[in-house]
Amino acid sequence: MATNPAKNMKLKLKKRSDENREIFDKNDLFKIFNSEQYQQDSFTKAYQFWCPVIALYTGARVNEIAQLYLSDFQKYDDQWCLNINSDGDKRIKNLASKRLIPLYPFLVDDLGIIKRVEKLKSQKKKRFFPELSKGRDGYGK
């Protein structure tokens, strides 16, 4: 063809510019999980430790993690899972966000995430991060 019929044609973006985020590469993950806080276990709040680890091993979004109820940790066929849903005051990004995510054995066996769930239940807590409060954009502010 002598001319390009698509010249000056623009595609409409499917996402807002603020939704286009860079993914973490190996160096970023190394910096996070080899930080002084992780090396010395010096976190002052549970969510500071757990949110990045849960995100790494599940791919869940920050707000999905921050709003977890203890009842969202469920066992299916001997496999612990996170039930990401919009029950109660929780919100999900879209219908496809509702899902069941298997928990890696590292989270359960090595880090003791279910032991934390059981401890919080014994303290009559309802949420995995009871110290977080809901803001305009959810719990993951």
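Up top you'll find the structure we're talking about.
About the criteria used
- Residues numbered from 1 in each chain as written.
- Predicted model: local features only at pLDDT ≥ 70, side-chain atom pairs only at ≥ 80, totals over all residues.
- Heavy atoms only, no water.
- Helix = DSSP H or I, 4+ residues; strand = E, 2+ residues; numbered from the N terminus.
- Contact = heavy atoms within 4.5 Å.
- Pairing = 2+ DSSP bridges.
- Salt bridge = Lys/Arg side-chain N within 4 Å of Asp/Glu carboxyl O.
- Buried < 20%, exposed > 50% of the residue type's maximum accessible area, 1.4 Å probe, protein only.

### Focus: the environment of leucine 100
Part 1: Here leucine 100 lies in strand β3 (residues 99-102).
Part 2: Sequence separation of leucine 100 and tryptophan 80 is 20 residues, and the distance between their C-alpha atoms is 9.8 Å.
Part 3: When residues no more than four places from it in sequence are discounted, the contact partners of leucine 100 are Gln74, Tyr76, Cys81, Leu82 and Asn83.

### With respect to the pairing of strand β1 (residues 73-76)
Part 1: Sheet topology places β1 next to strand β2 (residues 79-84); four bridges connect them, and they run antiparallel. Bridge pairing in β2 links phenylalanine 73 to leucine 82.
Part 2: In textbook terms, the turn of a hairpin is the stretch between consecutive antiparallel strands, and for β1 and β2 this stretch comprises two residues, one of which, aspartate 77, has a positive phi near 50°.

### What to know about the pattern of salt bridges
Part 1: A complete count under the given rule lists five salt bridges for this structure.
Part 2: Notably, a salt bridge pairs arginine 61 with glutamate 64, separated by 2.9 Å at the nearest N-O pair.
Part 3: Given the relative accessible area of 3%, glutamate 64 is considered buried.
Part 4: Among the ionic pairs, lysine 90 bridges to aspartate 72, the shortest N-O distance being 2.6 Å. Here aspartate 72 lies in the loop between α4 (62-66) and β1 and lysine 90 lies in the loop between β2 and β3, a separation of 18 residues in the sequence.
Part 5: Given a relative accessible area of 5%, lysine 90 falls into the buried group.
Part 6: Shared partners join several salt bridges into a network, and the residues in it are Arg61, Glu64 and Arg99.

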